[in-house]
Amino acid sequence: MSSEIQNFEIVKLNKFESASYFIIWTCAIFYSIYQVHLTEFYFTNYHDTYEDFQPGWSWIGRKMDISDREWRSWIPFMYQLIPWIILHLFIAQLIKRIYVKCSLILATWYIFSSILFLWYYVGFMGVLLALIQPCVDRLLIAFRSKIFAWLIHLVILTLIYYEKTYGFIFENLLGIEEEKYYMLTIALCWIQLRSISCCLDCINVDEKEGEEDGVVVAKNLSGFTKCFLKTTAYCLYLPTLFLGPVILYKDFLEGIQKPPELWTAKRLLIFFLNLSRFIFWLYFTEFSMHFLYFNALQFFPEVVEGLEPWAFFGMGYCMGQYFLNKYVVIYGIWSLVTKLDDIDAPPNPKCIGRIHLYSDMWKHFDRGLYKFLLRYIYIPSLGTTKAATRKLFASFLCFSFVFLWHGMELFIFIWSFLNFFGLTIEYFATAIGKTAKYRELIGKNLSEKNIRRLHCVFASPLLAMSAISNFYFFAGADIGHLYFYRLFFTDSWTTVLLLLFSLYCCCHVSLDVKRFERLKETRTKKL
């Protein structure tokens, strides 16, 4: 492919055309959201058996949709965690000011602060349950076998899933209320992800018989103690214990072992300014839940099936945007806390309204999970070869793990499979684009701008499939099936064409944003 074809993404269209795509895509979003708002009449005389609504803010005078379990549980829990996080940060800062080399002391404090909160929140048995995984890690590291470590970790993940779903052992044993048990099972899933990270990193270093990125090998009692303190502190690190995001073990170690950056007035001011941004999105999302009842609508597939096209597809966009806002708030706030604690967290998710490729969605939404999959599954599975079959196999393993970690249910399987299938299509499309015949055909017959337009035409159906795959994840199999059948079988061709044209505009908006970001990066490097 010629250099012009290879760089079609950075080809600049004329201002009128780019502005037209942006306006059409933006208007389509807002009009579809308005149509979703009009569906509120379904809940005018709604008998709220399952407490999907609560009285909203008094000055609005409307009821608020609280049917999403995660938002209803996570946000109040965050408020409950605030004083413990303040204590965690304050003592950590004192340790950094008093001791120059404070990594082990910090690790000890991190373990103590997490155990203190767990004891208060879920009791002594909950503390023991959380400590099991770091202790199992130490045993697995001693075996020095990645395959055996993976096998045990996958078995533990399976047990956590069945316990989370059916609660056949620990729920009765712990004797805690359902909400606390729900949050504890979430914490166990996050602990397991971090356990895999530190276990594999320690085994990697152990194989090299050395020390890398601060990972200590337990060759003696002193080494064992250091290693145990650091891995346990990482697994139980309070700011990310319950709600993430994923921070790799090597990044955590780098944070606690580098020279500490003491708090200054400027640093605290920046922290609070950034915090105010995420608090704004928190309250903006709650504000929108007074007017948009798409979360409650998910429980009524028969109603969703009969929605007009604008409301139907608008509901899909609202589910995606809401999911994004939820993780921007959660990941954003806890990432700020970890940075104040000198531990770098992955960047926040990028807006779904400006991403059109499967690969970009996985790279830029949950970036911590993406780095985890890349470091511990994709690259090791790929080895030294770059064969297409090996790459597809590595991707298959990644999505198999995603399916297992998120929960082995039908809608999770469909979501994982469709994402794997979409990435496979994208991979083969890219491979075809690099062939000599395609280069020659496209290079001779199309201009740079038309190449970009053609690629957006090809990308639009894939973007539609990407959206539908995520609807399975957001709302379950019943709602996902509705979107699949309506798009491919029941909606009129004019409706489908209008949807694809809107997505075509989205693809151009996405490319314009990527072009702007690349130019910005280039200018920054020059400076």
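A quick note: this is a predicted structure, and the numbers were derived from the prediction, not measured.

Q: Provide a residue-level description of the overall build of the chain, including the pertinent values.
A: The helix and strand inventory of the chain stands at 22 helices and two strands. A compact globule built from 527 residues should have a C-alpha radius of gyration of about 24 Å, and the chain, at 25 Å, falls within 12% of that. In terms of overall dimensions, the chain has a C-alpha envelope of 70 × 65 × 50 Å along the principal axes. The buried share of the chain, taken over its 527 residues, is 52%. If you sum the accessible surface of the chain, you get close to 25600 Å²; carbon and sulfur atoms cover 67% of it. Across the chain, the centroid of the 50 positively charged side chains sits 11 Å from that of the 44 negatively charged ones.

Q: Kindly report on the packing of helix α3 (residues 69-98) against helix α14 (residues 309-340), identifying the contributing residues and their values.
A: Relative orientation of the contacting elements α3 and α14 amounts to 5°, with a least axis distance of 12 Å. Here α3 lies roughly parallel to α14, going by the angle between them. Between α3 and α14, the residues in contact are Glu70, Trp71, Trp74, Ile75, Met78, Leu81, Ile85 and Leu89 and Tyr322, Lys326, Tyr327, Ile330, Ile333, Trp334, Val337 and Leu340, respectively. Broken down by class, the residue content of the contact of α3 with α14 amounts to 14 nonpolar, no polar and two charged.

Q: Outline the nonpolar core, supporting the account with residue identities and numerical values.
A: Judged by nonpolar contacts, the single largest core of 161 residues is most densely connected at Tyr110, Phe252 and Phe401. Counting residues per element, this core draws most heavily on α14, which supplies 20 residues. Setting aside its immediate chain neighbours within four residues, tyrosine 110 contacts His88, Ala92, Lys96, Ala233, Tyr237, Phe252, Ile256, Asp341 and Ile343.

Q: Which residues make up the pattern of salt bridges, and what values go with them?
A: Under the defined criterion, the tally for this structure stands at 16 salt bridges. Among the charged side chains, a salt-bridge network with shared partners connects Lys96, Arg267, Asp341 and Asp342.

Q: I'd like to hear about helix α2 (residues 15-38), residue by residue, with values.
A: Here α2 is 24 residues long and its end C-alpha atoms lie 34 Å apart, about the 34 Å a rise of 1.5 Å per residue gives. Turning to α2, its buried residues number three or more, namely Glu17, Ser18, Tyr21, Trp25, Ala28, Ile29, Ser32, Gln35 and Val36. Capping the start of α2 is the job of one residue whose side-chain oxygen sits 3.1 Å from the backbone nitrogen of phenylalanine 16: asparagine 14.

Q: Go over the environment of cysteine 351, please, and point to the residues and values.
A: The topology assignment puts cysteine 351 in the loop between α14 and α15 (358-364). Aside from chain neighbours lying at most four places away, what touches cysteine 351 is Gln321 and Leu324.

Q: Tell me what's going on with the confidence of the model for the chain, and back it up with residues and numbers.
A: Detailed reading of predicted coordinates is not advised where the pLDDT is low. In the predicted model, the chain carries a mean pLDDT of 89, and the fraction of residues at 70 or more is 94%. Note that residues 1-6 has pLDDT below 50 and, in this model, 11 contacts with residues that lie over four places away or in other chains.

Q: Which residues make up the packing of aromatic side chains, and what values go with them?
A: One pass over the structure, following the stated rule, counts 71 aromatic pairs. Aromatic pair phenylalanine 484 and tyrosine 485: ring centres 5.9 Å apart, planes at 80°, arrangement edge-to-face. Directly above the ring of phenylalanine 53 sits lysine 63, whose terminal nitrogen or CZ lies 4.6 Å from the centroid. Over the face of the ring belonging to tyrosine 182 we find arginine 69, whose NZ or CZ atom lies 3.9 Å from the ring centre.

Q: So what about a nonpolar patch on the surface? Which residues, and what values?
A: There is a patch of nonpolar side chains on the surface, built from Leu139, Phe143, Phe148, Leu151, Val155 and Leu159 and spanning about 600 Å² of accessible area. Listed by contribution, the elements that provide at least two residues to the nonpolar patch are α4 (103-143) and α5 (146-166). In terms of residues, the nonpolar patch owes the most to one element, α5, which gives four residues. Looking at the element boundaries, phenylalanine 143 is found in helix α4.

Q: Please give an account of unusual backbone geometry that cites residues and values.
A: Residues glycine 244 and proline 245 are joined by a peptide bond in cis, for which omega reads 5°. Relative to the elements of secondary structure, proline 245 occurs in the loop between α9 (238-241) and α10 (249-257). Positive phi is not limited to glycine here, since aspartate 342 has a value of about 70°. Structurally, the position occupied by aspartate 342 is in the loop between α14 and α15.

The rules behind these values
Residues numbered from 1 in each chain as written. Predicted model: local features only at pLDDT ≥ 70, side-chain atom pairs only at ≥ 80, totals over all residues. Heavy atoms only, no water. Helix = DSSP H or I, 4+ residues; strand = E, 2+ residues; numbered from the N terminus. Rg over C-alpha atoms; globule rule 2.2 N^0.38 Å. Buried < 20%, exposed > 50% of the residue type's maximum accessible area, 1.4 Å probe, protein only. Areas by Shrake-Rupley, 256 points an atom, 1.4 Å probe, with all protein chains shown as cover. Lys, Arg positive; Asp, Glu negative; His and termini not counted. Charge placed at Lys NZ, Arg CZ, Asp CG, Glu CD. Axes fitted to C-alpha atoms, helices over the stretch in contact; angles between N-to-C directions. Parallel < 35°, antiparallel > 145°, perpendicular 65-115°, else oblique. Contact = heavy atoms within 4.5 Å. Nonpolar A, V, L, I, M, F, W, Y, C, P; charged D, E, K, R; others polar. Core = buried A, V, L, I, M, F, W, Y, C linked by side-chain atoms within 4.5 Å. Salt bridge = Lys/Arg side-chain N within 4 Å of Asp/Glu carboxyl O. Expected span 1.5 Å × (residues − 1). Polar contact = N/O pair within 3.5 Å; in protein donor to acceptor, adjacent residues only side chain to side chain. pLDDT = per-residue confidence, 0-100. Phe/Tyr/Trp six-rings, centres within 6.5 Å; stacked < 30°, edge-to-face > 60°. Lys NZ or Arg CZ within 6 Å of the ring centre and 35° of its normal. Patch = residues over 30% accessible without salt bridge, like charges linked within 9 Å, V, L, I, M, F, W, Y side chains within 5 Å.

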